[in-house]
Amino acid sequence: MSEDPSFRLNRMAGITRFQGARNRAFWTEMINHIRGKPVELLSFDDIRERLRLREESYQGLQEVPLDQIAGSVGRYREFTRTFLPRRNTMKERWSRVYAKAHSMEGLPPIELYKIGDVYFVRDGNHRVSVARQIGARTIEAHVTELPTAVELRADMSPQELDAASAYAAFLEETGLARTRPHHQSLKLSEVSRYADLLGHIYLHKSFLEHHDRRDYTVFEAASDWYDRVYRPAVTLIRKYNMLDVTGIRTEADLYLWLVDHLKGIREEFGDNAPSRKISHALVDFLNERKLHVPEDLLEERDSSMILSRTQVMKAIQASDEDLD
């Protein structure tokens, strides 16, 4: 097949198309360098490590949108993010794949990994590159998925990837991706604050251990914290559309503000601090910003439980006294 006149003619046409693709790759690199945007494909191994992924499952033969393929297992430096070839040494192979694509036989399916909304080429980088250049919208592929609770998109910036990595680390340490696989989002807009969120879980763990007089794993404590503290708070946040009203970016961002606010009141007033819950903190949040406070929120009877370090230490002290 590779020796017939039709193939040779298509290969010559492929060389011309390759040169045009190389020129576009050159200018893409120049423009992205000036704009500070990444040029190369996402690295599968890097993303898998960042998001702490271990499980995978074969999803079968599928038609995959080409614009969602933005990474590669081993050749991520050889193509731009849109699969334009970055090296002149790729001309011969690229042109042959181009000729094969125009033959009666066509190209065999490629092999892909899927993470979030992004596909990574396991086998078939040149086929993806050629398919994009000839105007195809989809490509046939054997797909293996690596499930993740963290958002991954083809257009994410390096900063967004760093944030996704921090979120994945938090989910792994708390075990919430496994113990609460359908959990509400705990994503924070400031990655440094995952330490604060984790600190609150460890505080909750200390309280549970001294209240129940037994050891808790971090996974157990995080699950209890999620069920009894975080999820009720998110329910209230959604009930009153607080993100739309306040402009706060994520529910976890607002949750941390509410917790910090309640802790601040306890620290200010000590033993004389009034009994305050998440609903009270929401009212304070709106009042502080001179926003409308719904009447139903003023009468809300939520069962939220927010602990301060002082409360935990008192519980520990009381527990020790009982043991004496």
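Data block above holds the structure.
This one's a predicted model, so the numbers in the text were calculated from it and none came from an experiment.

Procedures and definitions
- Residues numbered from 1 in each chain as written.
- Predicted model: local features only at pLDDT ≥ 70, side-chain atom pairs only at ≥ 80, totals over all residues.
- Heavy atoms only, no water.
- Axes fitted to C-alpha atoms, helices over the stretch in contact; angles between N-to-C directions.
- Helix = DSSP H or I, 4+ residues; strand = E, 2+ residues; numbered from the N terminus.
- Parallel < 35°, antiparallel > 145°, perpendicular 65-115°, else oblique.
- Contact = heavy atoms within 4.5 Å.
- Nonpolar A, V, L, I, M, F, W, Y, C, P; charged D, E, K, R; others polar.
- Phe/Tyr/Trp six-rings, centres within 6.5 Å; stacked < 30°, edge-to-face > 60°.
- Buried < 20%, exposed > 50% of the residue type's maximum accessible area, 1.4 Å probe, protein only.
- Lys NZ or Arg CZ within 6 Å of the ring centre and 35° of its normal.

Draft legend 1. View of the packing of helix α5 (residues 158-174) against helix α7 (residues 194-212). Across the interface, α5 lies against α7 with an axial gap of 10 Å and an inter-helix angle of 10 degrees. Considered as vectors, α5 and α7 are oriented roughly parallel to each other. Between α5 and α7, the contacting residues are Ala 166, Tyr 167, Phe 170, Glu 173 and Thr 174 on the first element and Tyr 194, Leu 197, Leu 198, Ile 201 and Tyr 202 on the second. Per-class residue counts for the contact of α5 with α7 are 8 nonpolar, 1 polar and 1 charged.

Draft legend 2. Inspection of the packing of aromatic side chains at higher detail. Evaluated as defined, the whole model comprises 13 aromatic pairs. Relative to Tyr 98, the ring of Trp 94 lies with its centre 6.0 Å away and its plane at 15 degrees, an arrangement referred to as stacked. In this pair, Trp 94 and Tyr 98 are both assigned in helix α3 (residues 91-101), 4 residues apart and thus about one turn of the helix distant. A residue is classified by how much of its surface remains accessible, and Trp 94, at 0% relative accessible area, is buried. On the accessibility criterion, Tyr 98 (7% relative accessible area) is buried. Its guanidinium or amino end placed over the ring of Tyr 216, Arg 214 lies 3.7 Å from that ring's centre, counting from NZ or CZ. The ring of Phe 285 has Arg 289 sitting right over it, with the charged end atom 3.7 Å from the ring centre.

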